[in-house]
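Reading the structure
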Amino acid sequence: MLSRVKQDILKQIKSMDGQTAICYKNLITGETFGYREEESFLPASIVKLPLMAAILLMEQDGSTAPDDLITVYDREKVPGCGAVQHMTGDVTLDIRTLSKLMITISDTTATNALFRHYGSEQIGQAFNRLGLSGTVFRRAYWDEAAEKKGIQNYFVPKEMCMLLEQMFFRKLISPKASAQLEALLLQQQINHKLGGFLPADFPIAHKTGEEEDKTHDVGIVYTKEPFVICFASCGADIPAFENFIRQSTLNLALEIDPDLQPGHRFTDEVVSASFVCSG
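On a predicted model such as this, the values are computed, not experimentally measured, just so you know. (Residues numbered from 1 in each chain as written. Predicted model: local features only at pLDDT ≥ 70, side-chain atom pairs only at ≥ 80, totals over all residues. Heavy atoms only, no water.)

This part is about the overall build of the protein chain. Of the regular secondary structure elements, the protein chain holds eight helices and seven strands. A compact globule built from 279 residues would reach a C-alpha radius of gyration of about 19 Å, and the protein chain, at 18 Å, matches this within 12%. The buried share of the protein chain, reckoned over its 279 residues, is 53%. Total accessible area computed for the protein chain in this model is approximately 12000 Å², and 48% of it derives from carbon and sulfur atoms. Distance from the positive charge centre (27 side chains) to the negative charge centre (36 side chains) of the protein chain: 2 Å. (Helix = DSSP H or I, 4+ residues; strand = E, 2+ residues; numbered from the N terminus. Rg over C-alpha atoms; globule rule 2.2 N^0.38 Å. Buried < 20%, exposed > 50% of the residue type's maximum accessible area, 1.4 Å probe, protein only. Areas by Shrake-Rupley, 256 points an atom, 1.4 Å probe, with all protein chains shown as cover. Lys, Arg positive; Asp, Glu negative; His and termini not counted. Charge placed at Lys NZ, Arg CZ, Asp CG, Glu CD.)

Shown next as C-alpha cells:
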C-alpha cells in the first residue's frame, strides 16, 4: 500500500496534460512506484546520461581512452547549453573534458563531438550491452536534416533509473566506472528541478533535460535512505511540471527523513581525482 504522499503524487501526475511519467525506487527498502515509466520519451539532454555510461563501458574495453583528443571545428558549434560554443576558433579537447562538460553543464557542442567521434552504431551497441532496449541516440543535436527524416533520440524513464541503481550499487560496468559516473553526476550545475526545494547543496547525482515543450530530470537523492527517481514530460505545462518535480522530490525526501540529513557515501576511494571538482 502506497503512502499518502506517493498516492498524491500519482494523482497529480495522472491529471496533467501531455505525456508524463514518474519512476521511483527506494534503494534501501526496494519500494517502487511509477506511472508510464516504460514508455519512450523524446529526451532533450537526458540521453547524455546513457552516452556517458557507454563511454565508460568503451573505456573499460580499451576501445577508447579519456586522454584521446577530439577537435571541434568552429562550424560544428551549436547553440544551447555549454561553454565550447563560446571558445574561439577550432578547439581540441580530450574525451575526459568533453564528458565533464556534457554532464555537469549539459554542453551540447561537447555532446555532438562525442556522438560524432563514436558514431550511432558504436553507441547503439554499447547501449544494448548496458541493457537499454528503448533508449537510443541516433542523431546529433540541431541536426535538422536528420530530424526531418524522422530520425529521433528516445529514452525510457525506467531504463534511466536502472542505470543509476546499478551505479549506486557499483554494478554499472565496474566499481570504478560506477564511482566515476556518480562523481560526475554529483557535479551537475543545473539544479532547479530535483534540487529546487531541497536545502542548498543537498547531494543529488542527476542529469536534467529541457527543450521547447520537454522537461525531465533523473537522479539519486541522497537522503538517509537514498532513492532514485525520474520525472519525464513532453507537451506538459513546463512551469507547472517543474514545480511538481520540486515539490514531489521534497515531499518524498521529507517522508524518509523529516530532518533532511544527507546519507550514504557520495564518492569513494576508487574515484579518479581527475573527475572530482575542487571548487
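What follows covers the side chain of T109. Its place among the elements puts T109 in helix α4 (residues 108–129). Look at T109 and you get buried, because its relative accessible area is 2%. In terms of polar contacts, T109 uses its side chain to reach the backbone amide nitrogen of V78, at 3.0 Å. Sequence-distant contacts of T109, that is, excluding residues within four places in its chain, are made with V72, E76, K77, V78, V84 and Q85. (Polar contact = N/O pair within 3.5 Å; in protein donor to acceptor, adjacent residues only side chain to side chain. Contact = heavy atoms within 4.5 Å.)

The subject of this paragraph is unusual backbone geometry. Non-glycine residue R170 carries a positive phi angle of around 60°. Relative to the helices and strands, R170 is located in the loop between α6 (157–168) and α7 (175–186).

Applying the stated rule across the entire model yields 15 salt bridges. Here E31 ties to K6 by a salt bridge, and the two come within 3.4 Å at their closest N and O atoms. Here E31, found in the loop between β1 (19–26) and β2 (32–35), pairs with K6, found in helix α1 (residues 4–14); they are 25 residues apart in sequence, far enough to count as distant. The network of salt bridges with common partners includes E211, E212, D213 and K214. (Salt bridge = Lys/Arg side-chain N within 4 Å of Asp/Glu carboxyl O.)

Quick look at the sheet that holds β1 now. On the basis of which strands lie adjacent, the open sheet formed by five strands has the order β2-β1-β7-β6-β5 and antiparallel pairing. In this open sheet, the two strands that pair with only one neighbour each are β2 and β5 (204–211). In this sheet, adjacent strand axes meet at a mean angle of 5° when their direction is disregarded. Looking at chain direction, β1 and strand β7 (residues 227–234) are connected through eight bridges and run antiparallel. Paired with A21 across the strands is A232, a residue of β7. Here α6 sits on the sheet in contact with β1, β5, β6 (214–221) and β7, set at roughly 25° to β6. (Pairing = 2+ DSSP bridges. Axes fitted to C-alpha atoms, helices over the stretch in contact; angles between N-to-C directions.)

Quick look at the state of the cysteines now. Scanning the entire structure with this criterion turns up zero disulfides. C23 carries a free sulfur, and the closest cysteine sulfur to it, the one in C161, is 3.5 Å from it. Of all cysteine sulfurs in the structure, the one in C230 sits closest to C234, which takes part in no disulfide; the separation is 11 Å. (Disulfide = S-S within 2.5 Å.)

Turning to its location among the elements, T29 is positioned in the loop between β1 and β2. T29 sits 198 residues away from F227 along the chain, and the two C-alpha atoms are 9.4 Å apart. A distance of 3.2 Å separates a polar atom in the side chain of T29 from the backbone nitrogen of E31.

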